[in-house]
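# Structural overview
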Amino acid sequence: PVNYPPIPQSALDAFWSHVQKGATCWLWTGALNPKGYGHLKYRVCRHPYDWMAHRFSWTIHRDAIPADQCVLHTCDTPNCVNPEHLFLGSRADNNADCCAKGRHPIGEAHYKGRLTPDIVRAIRDGWDAGMSARALGLRYGICPQHAWAIARGDKWKHVK
């Protein structure tokens, strides 16, 4: 677990002043990051601490968070801090949860995406016509391994 000093009462007071308890979710009403997750800052002896609100909630209600674990939401509400809606998981668990809930951008919506569904179809058509992965990679500006994975349907599975 990350070794934090004891949380001071002033930080607990600051946390609770920004929690609005609803029938199910407890919504964080303080600062939010661009993805909508709550954010809490405080100081102990001039040392600043910067927490995601749901991670702070887990810590004060449950226990320290192991260094290799993420705090995930069952409710899929980023600013929820209800400990009953939180659970621990690995980075892989977090990514799988994100994909399962349709929140992970795929294909051309991904910030690094360079291909389009039309190009993906053209790669598959070229493969079916006998082009090599190397030739397809050169034609479309991608590595042969990526062209091969697209042609086999391992990548860009959402494009039919």
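Details of the structure are given in the entry above.
Residues numbered from 1 in each chain as written. Predicted model: local features only at pLDDT ≥ 70, side-chain atom pairs only at ≥ 80, totals over all residues. Heavy atoms only, no water.

Here the focus is the overall build of the chain. In terms of helices and strands, the chain carries six helices and six strands. Counting helices and strands in the order they occur from the N terminus, the chain gives α-β-β-β-β-α-β-β-α-α-α-α. At 22 Å, the chain has a C-alpha radius of gyration far larger than the 15 Å of a compact globule built from 160 residues. Counting across all 160 residues of the chain, residues that qualify as buried make up 32%. Within the chain, contacts between residues at least 6 apart in sequence are counted, and of these 47% link residues at least 24 apart. Summing over all exposed atoms, the chain offers an accessible surface of approximately 10000 Å²; the carbon and sulfur share of this is 53%. With 20 positive and 13 negative side-chain charges, the chain shows a separation of 6 Å between the mean positions of the two kinds. (Helix = DSSP H or I, 4+ residues; strand = E, 2+ residues; numbered from the N terminus. Rg over C-alpha atoms; globule rule 2.2 N^0.38 Å. Buried < 20%, exposed > 50% of the residue type's maximum accessible area, 1.4 Å probe, protein only. Contact = heavy atoms within 4.5 Å. Areas by Shrake-Rupley, 256 points an atom, 1.4 Å probe, with all protein chains shown as cover. Lys, Arg positive; Asp, Glu negative; His and termini not counted. Charge placed at Lys NZ, Arg CZ, Asp CG, Glu CD.)

Another aspect to go through is the layout of surface pockets. If you add up the space inside the largest pocket, you get close to 650 Å³. Contributing to the lining of the largest pocket are 20 residues, with Lys35, Tyr37, Arg91, Asn94 and Arg103 lying nearest its centre. For the lining of the largest pocket, the elements supplying multiple residues, two or more each, are α2 (53–61), β5 (70–73) and α3 (91–100). The dominant element in the lining of the largest pocket, judged by the number of residues it contributes, is α3, at five residues. (1 Å grid on protein atoms, 1.4 Å probe; cavity = no way out; pocket = protein on both sides within 12 Å on 5 of 7 lines; lining within 4 Å. Points joined across faces, edges and corners; volume = space filled by probe spheres on them.)

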